[in-house]
Amino acid sequence: MTPARARCGALVLVALVVNRPLGAQLSQAEDAFKRGDRPAARLAYERVLASDSLNVTALYRVAILDSWDRRLSRSLDGFARVRRLVPHDEDIMVSQAAVLAWAGKTRAAESLYDSVLARSPKRADALAGQAQVVAWGHDLRRAERLWRAALDIYPDDPQLLLGLAQTLYWRGRPSLAAVFAARARTLAPRDPTTLDLERSVRAALRPEIQTSLDGSGDNEGNDFVTQDAAYSTALGGDRRGTLHFGWRRARTGAATSYGGGGAFAAALGGGDVVMHAGVGVRRLEGLTRPGTLPLTAELGLEARVARYAAASIGYERSAFDETAALIDSGFVINALDVGVDVSPSADLSITGVGGSAWLSDGNRRYTGAVTVLARVLPALQLGPAARILAYQPNHAPGYFAPDRFSVIEAALAYALQRERWGVRIDGGIGSQQVAVSAPHQTEWHLRLTLSRGWGADNELALAGSISNSATAPTGVAPIAGYRSRTLSLRFRQGL
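Since this is a predicted model, take the numbers as computed values, not measurements. (Residues numbered from 1 in each chain as written. Predicted model: local features only at pLDDT ≥ 70, side-chain atom pairs only at ≥ 80, totals over all residues. Heavy atoms only, no water.)

**Q** What's the story with the nonpolar core in this structure? I'm lost.
**A** Considering soluble globular proteins, one finds that nonpolar side chains tend to be buried as a cluster. One finds Tyr 45, Phe 79 and Trp 147 to be the most contacted residues of the largest nonpolar core, which totals 56 residues. When neighbours within four sequence positions are excluded, Trp 147 is seen to be in contact with Ala 128, Ala 131, Gln 132, Gln 159, Leu 160, Gly 163, Leu 164 and Thr 167. By size, the runner-up hydrophobic cluster in this structure holds eight residues, among which are Phe 320, Phe 331, Ala 335 and Leu 359. (Core = buried A, V, L, I, M, F, W, Y, C linked by side-chain atoms within 4.5 Å. Buried < 20%, exposed > 50% of the residue type's maximum accessible area, 1.4 Å probe, protein only. Contact = heavy atoms within 4.5 Å.)

**Q** How do you make sense of the packing of helix 9 (residues 158-170) against helix 10 (residues 174-187) when you look at a structure like this?
**A** In a pair of packed helices, the angle between the axes and the distance between the axes together describe the arrangement. Taken N-terminus to C-terminus, the directions of helix 9 and helix 10 make an angle of 160 degrees; their axes are 8 Å apart at the nearest point. Classified by the angle between their axes, helix 9 and helix 10 sit roughly antiparallel to one another. Both helix 9 and helix 10 take part in a crossing whose hand is left-handed. Where helix 9 approaches helix 10, its residues Pro 158, Leu 161, Leu 162, Leu 164, Ala 165, Leu 168 and Tyr 169 are matched on the opposing element by Pro 174, Leu 176, Ala 177, Phe 180, Ala 181, Arg 183, Ala 184 and Leu 187. (Axes fitted to C-alpha atoms, helices over the stretch in contact; angles between N-to-C directions. Helix = DSSP H or I, 4+ residues; strand = E, 2+ residues; numbered from the N terminus. Parallel < 35°, antiparallel > 145°, perpendicular 65-115°, else oblique. Left-handed = near helix turned anticlockwise from the far one by under 90°.)

**Q** Please explain the side chain of Asn 55 as it appears in this structure.
**A** You can see Asn 55 is positioned in the loop between helix 2 (38-51) and helix 3 (56-68). Ignoring sequence-local partners within four residues, the contact set of Asn 55 consists of Leu 26, Val 48 and Leu 49.

**Q** I keep staring at helix 4 (residues 72-85) and nothing clicks. Help me out?
**A** Along an α-helix, residues three or four positions apart point the same way, because every turn accommodates 3.6 residues. The end-to-end C-alpha distance of helix 4 is 20 Å, a good match for the 20 Å that 14 residues give at a rise of 1.5 Å each. Buried within helix 4 we find Leu 72, Ser 75, Leu 76, Gly 78, Phe 79, Val 82 and Arg 83. For helix 4, the buried positions fall inside an angular range of 160 degrees around the axis, keeping them on one side. Exposed positions of helix 4 whose direction lies more than 90 degrees from the buried face are Ser 73 and Arg 84. (Expected span 1.5 Å × (residues − 1). Arc of directions from axis to C-beta.)

**Q** So what exactly am I meant to see when it comes to the pattern of salt bridges here?
**A** Where charged atoms of side chains with opposite charge meet at close range, the side chains can pair. For the structure on display, the rule yields 24 salt bridges. A salt bridge links Arg 375 to Asp 347, with the nearest nitrogen and oxygen atoms 3.4 Å apart. On the criterion of sequence distance, the pair formed by Arg 375 in strand 10 (residues 364-377) and Asp 347 in the loop between strand 8 (332-345) and strand 9 (348-359) is long-range, its members being 28 residues apart. Residue classification places Arg 375 among the partly exposed residues on the basis of a relative accessible area of 32%. If you follow the salt bridges from partner to partner, you end up with Arg 38, Arg 42, Asp 66, Asp 69 and Arg 74 in one network. (Salt bridge = Lys/Arg side-chain N within 4 Å of Asp/Glu carboxyl O.)

**Q** Just to check I follow, could you spell out the environment of Val 332 for this structure?
**A** Assignment of secondary structure puts Val 332 in strand 8. Taking the C-alpha atoms as reference points, Val 332 and Leu 295, separated by 37 residues in sequence, lie 8.9 Å from one another. Residues contacting Val 332, with those up to four places away along its chain left out, are Pro 294, Arg 317, Ser 318, Phe 320, Trp 358, Leu 359 and Ser 360.

**Q** What am I meant to see in a nonpolar patch on the surface here?
**A** Taken together, the side chains of Leu 268, Leu 299, Leu 301, Ile 313, Tyr 315, Leu 336, Val 338 and Trp 358 present a nonpolar region at the surface, about 660 Å² in accessible area. With respect to the helices and strands, Leu 336 occurs in strand 8. By relative accessible area, Leu 336 is classed as partly exposed at 39%. (Patch = residues over 30% accessible without salt bridge, like charges linked within 9 Å, V, L, I, M, F, W, Y side chains within 5 Å. Areas by Shrake-Rupley, 256 points an atom, 1.4 Å probe, with all protein chains shown as cover.)

This is the structure in C-alpha cells:
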C-alpha cells in the first residue's frame, strides 16, 4: 500500500469514527427538541456545533430556541448564518420571518414572506405569517383581505381563523370576530391564544361597570374629592352604549358639581373610523349664586389615516368646574380638539394634540402639546415633550388666567407587566413659564400607577402623582413653592 493510500484510509477511518457520535448527538438533540425539553436540546445542539460548526440543523434549531427565549437579536444572527449556508430553504425563511416580526422589523418580515409565497403561493404558514405581519404593521384592512384569501384555500385552518378573528377585533368589530374565534376554538379547543382572544371578544361584547374615586389638592387650598361611575354594554352591530354619572365636591368652599348622561360609540367604514356621541346635564352649586344646570355634550371621530398613523377630532361642551370659584360662577366651556398619533416603528411614538375652547364669560383658550418617546430599554421610553396653554381675555370680569403658560421638558414612561400585576411610572423635568413677562422656572412631575388585572380586561388600579406645575392667581408672578397632588383608585369589572 502506498503512503498516499494509507493516509486516505486513515482519514476515512477517522471520519467514520467521528461521524458516528456526531450523528448520535444530533439524534439526541432532535429528540429533546421534539419533547419540548429546551435546556437538553440546546446543550445537545451546542455539542454538535462544537464538532461541526456548520451543521445546518443545529444552527437552525439553536436560532429557534433563542427566539423562544426572547433572545431575538441573537436568534436573528443565527438565522443569518444558516441562510448563508442554505439561502433558499423555505422552512428556515418562514421561521426567520416570524422572528423578524417579533423583533418589530415588520417590513423585512413581510418581504421575506413575499419571497416564500412567490415560490409556493399556497404555503399555509407563509400565508398566515404574511397576514399577521401586515396586521402588526397596522394595515388592518389589507390584513383582513389576506386572511380571507388564505381561508378561501384552507377554510378549516385554525391559525387562519384565529388570525382573522384577531384582526376583526382590532378593527373594532367584536361581533364578527366572535364568529371566527368560535370556529377556531372548535378546531383547536386547547390553544391558549384562541382562548385568550375568545375571552377578550366576550369582554368587548358584555356589559361592564367602571368606577373611580379621586382626591386632589394643592397648597392654594383647592382640594377636591371626585367620584365617577359608568355602565356600558354592546348595542349590536359593533355599537356600544354608556351611561355615566359623576360627583365632585370642593373640600373648601362647599361647592358641588354633579350630573350624568349617555353616550354611544360605533365603528364605521369597516372599523377604520370610530364615532362617538353623547349628551347629559351637570348641576353646579356654589355658595354665592343660585345653582345652574348646564347641558353637556360630546361628538367625535377617531380614524386610522395611514398605515402607522391615527387622527381624531372632537367637540365637547362641559361644566368648567376645576375649582370652587369656577363652580360658584357656573361657567361652561365649549372645546374643539384635534389629535395625531404616529408610530413609524415599534420603538418610536409621536403624539400631538391641539385645540381651542370658548368660555361662557367670553374668554378664549388655546392649547397644544407634542410628545416624542423612543424606547431605550424594553420597559423604558424617553423623549422630549412640550405643551402650551394661552388665554385671549375679553377684559371683562370673569375667569382670570395667564396670557400664556408653557412647558418644555424631558419626559419618561416606564411600564412593567408581570402576569397580572403592572407598574407604570410617568414623569418629566424641564422649564415652565407662567406668563409672557414671567421668569422661567424649573418644572417637574411624577405619577406612579400600580394595577392588578384578572379575567379578560378586569382591573383594579391605584395611582398617585405630585407636581410643581405653577399657577398665577394674582398678577403674573407664580407662587413660589407651588405643589399639587392627586390620588386615584380605579375599578373595572365585566358582568
